[in-house]
Each structure stands twice: as structure tokens, then as C-alpha cells.
Amino acid sequence: MNAKIKLIKTDITKLHVNAIVNAANSSLRGGGGVDGAIHRAAGRQLLNECKTLNGCATGDAKITAAYKLPANYVIHAVGPVWHGGKYGEADKLRSAYRRSLEIAVENNLKTIAFPNISTGVYGFPKKQAAEIAITTVSDFLSENEQIEQVIFAVFDDENLQIYNELLRS
Ligand code: ADP
């Protein structure tokens with residue numbers, strides 16, 4: 001495992017990192033799951049800033065302040081809805097992770113935490129999503145020196161087990 005990668009089972013809203021990534025939807029108007037938790041913890045100002053961004057395409061990401069969160073920024077990444085796997089879902093998920101990391105670098109950030117994008121309501125198979133997340137992050141870290149720590153913030157035991165196994169191998 002890359003020494004810069006860390007796996008933690010946690011509520012991502014509690015993390016003191018430069019940026020937490022939100023599994024947002026393309027409206028950026030908030031939602032359920034981790035998106036709802038982040039908006040609740042950050043406060044109404046987060047939604048107000050998100051409303052100025054004109055949404056976000058699937059596979060892309062946008063950055064905002066983090067308001068009441070302990071993190072410094074929120075990077076809102078839009079993963080794909082799973083439609084069976086033949087609609088570019090894997091590429092879009094890869095892109096959501098990659099764009100988040102690029103935006104972190106553009107903003108001189110060093111520590112970033114990801115939730116398991118698309119694996120909740122969006123229905124992406126968890127193991128495949130974890131493989132994409134780990135590969136994309138590992139490739140990025142080998143190309144780019146600036147990011148010092150990437151945390152995979154898992155929330156459920158199934159993802160914890162999947163990430164543990166993949167990161168060990
Ligand atoms: P999506 O719509 O992209 O599938 P969800 O929020 O439904 O997003 O789920 C993405 C992942 O976030 C799921 O693995 C879910 O268990 C996890 N999750 C939900 N709440 C939190 C939280 N507070 N911190 C970290 N992860 C969370």
C-alpha cells in the first residue's frame with residue numbers, strides 16, 4: 001500500500017483535513033447520504049455557495065469553503081448512477097476521483113479524504129468502485145508529489161472489508 005494512503009472507518013464530516021470530498025449530485029443542491037451529512041454539518045452557507053456554481057457535470061468536481069466543518073474545503077465530486085456498467089460508469093467514477101485530486105493540487109492542498117463515491121444510493125458495485133478508487137488515487141500519487149495524505153473514509157463494514165483486502169494486496 002502507498003504510504004500516503006490511509007483507510008479509516010469514520011463519519012467524513014469529523015475529519016480535520018484540507019479537503020473532504022462530497023459524493024454530490026449534479027445539481028449541487030444537497031441530497032441524502034454523505035451529501036446530506038456534509039450539508040448538515042457545514043451549515044446553510046455551504047448550500048448558498050453551491051447554488052452559485054451552476055451545478056457540476058458527472059465525472060467532474062467543484063470546490064467550496066467548508067464553513068462549520070473541521071476541514072478547510074469541500075470538493076464536490078459527482079459520480080455516476082449505476083445503470084448496469086455499459087454506460088461509461090467506470091470512466092466517470094475514475095474521472096470524479098481524478099478531478100477531485102487535480103482540484104486539490106490546483107488549490108495547494110496536501111490532505112484529502114474521500115467517501116465511497118457512487119456506492120450508496122447511486123448503486124455502483126462496491127468492490128469495483130473500490131478498485132477504481134484505489135487505482136486512480138495510487139496512479140495520481142505516483143505522478144504527483146504534492147498530495148501528502150489521501151484518506152479513504154469508509155462508513156460501512158462491507159466497504160471497510162473490501163478496502164482492507166484490496167489495500168493489503
Ligand atoms: P452516492 O449517491 O454517490 O451513492 P451516498 O451518499 O448514497 O452517495 O453513498 C456514498 C457512500 O457514502 C456510501 O458508502 C455511504 O455509506 C457513505 N456515507 C454516508 N454517510 C457518510 C458519512 N457521514 N461519512 C462518510 N461516508 C458516508
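Before any of the text, the structure's been laid out above.
Here the structure is a predicted model, which is why all the values come from computation and not from measurement.

Quick notes on the rules
- Residues numbered from 1 in each chain as written.
- Predicted model: local features only at pLDDT ≥ 70, side-chain atom pairs only at ≥ 80, totals over all residues.
- Heavy atoms only, no water.
- Core = buried A, V, L, I, M, F, W, Y, C linked by side-chain atoms within 4.5 Å.
- Buried < 20%, exposed > 50% of the residue type's maximum accessible area, 1.4 Å probe, protein only.
- Helix = DSSP H or I, 4+ residues; strand = E, 2+ residues; numbered from the N terminus.
- Contact = heavy atoms within 4.5 Å.
- Pairing = 2+ DSSP bridges.
- Salt bridge = Lys/Arg side-chain N within 4 Å of Asp/Glu carboxyl O.
- Axes fitted to C-alpha atoms, helices over the stretch in contact; angles between N-to-C directions.
- Parallel < 35°, antiparallel > 145°, perpendicular 65-115°, else oblique.
- Nonpolar A, V, L, I, M, F, W, Y, C, P; charged D, E, K, R; others polar.

Participant: Give a detailed account of the nonpolar core, specifying residues and quantitative values.
Facilitator: In summary, soluble globular proteins display a tendency toward joint burial of nonpolar side chains. Ranked by size, the top nonpolar core spans 33 residues in total, and within it Tyr97, Ile112, Phe114, Val137, Phe152 and Tyr163 carry the most contacts. Elements that contribute at least two residues to this core include exactly strand E2 (19–24), strand E4 (73–78), helix H3 (89–106), strand E5 (111–114), helix H4 (126–143), strand E6 (149–154) and helix H5 (157–168). By residue number, the principal contributor to this core is H4, which donates 8 residues. For valine 137, the contacting residues outside a window of four places in its chain are Ile5, Tyr97, Leu101, Phe114, Val150 and Phe152.

Participant: Can you break down the pairing of E6 residue by residue, with the values?
Facilitator: Counted residue by residue, E6 has 5 buried out of 6 residues, so it is predominantly covered. Taken together, the 4 bridges between E5 and E6 define a ladder with parallel strand orientation. Directly across from phenylalanine 114, in E6, lies its bridge partner phenylalanine 152.

Participant: How would you explain unusual backbone geometry if you had to name every residue and give the values?
Facilitator: With a phi close to 60 degrees, asparagine 54 is a non-glycine residue in the positive phi region. Note that asparagine 54 resides in the loop between helix H2 (44–51) and strand E3 (61–65). Classification of asparagine 54 as exposed rests on a relative accessible area of 76%. At tyrosine 67, a residue that is not glycine, the phi angle is positive and equals roughly 50 degrees. Position of tyrosine 67 relative to the elements: it lies in the loop between E3 and E4. With a relative accessible area of 31%, tyrosine 67 lands in the partly exposed category.

Participant: So what's going on with the pattern of salt bridges? Residues and values would help.
Facilitator: Evaluated as defined, the whole model comprises 9 salt bridges. When the shortest N-O distance is used, the salt bridge between lysine 126 and aspartate 156 registers 3.4 Å. Of this pair, lysine 126 sits in helix H4 while aspartate 156 is found in the loop between E6 and H5, placing the two residues 30 residues apart along the sequence. If you follow the salt bridges from partner to partner, you end up with Asp60, Arg98, Arg99, Glu102 and Glu143 in one network.

Participant: Please provide a residue-by-residue account of the packing of helix H1 (residues 33–42) against H2, values included.
Facilitator: Two numbers describe how H1 lies on H2: the axes approach to 5 Å, and their chain directions differ by 115 degrees. As the angle between them shows, H1 and H2 are arranged roughly perpendicular. Touching Ile38, His39 and Ala42 of H1 are Leu46, Leu47 and Cys50, all from H2. In the contact of H1 with H2, the residues fall into 5 nonpolar, 1 polar and no charged.

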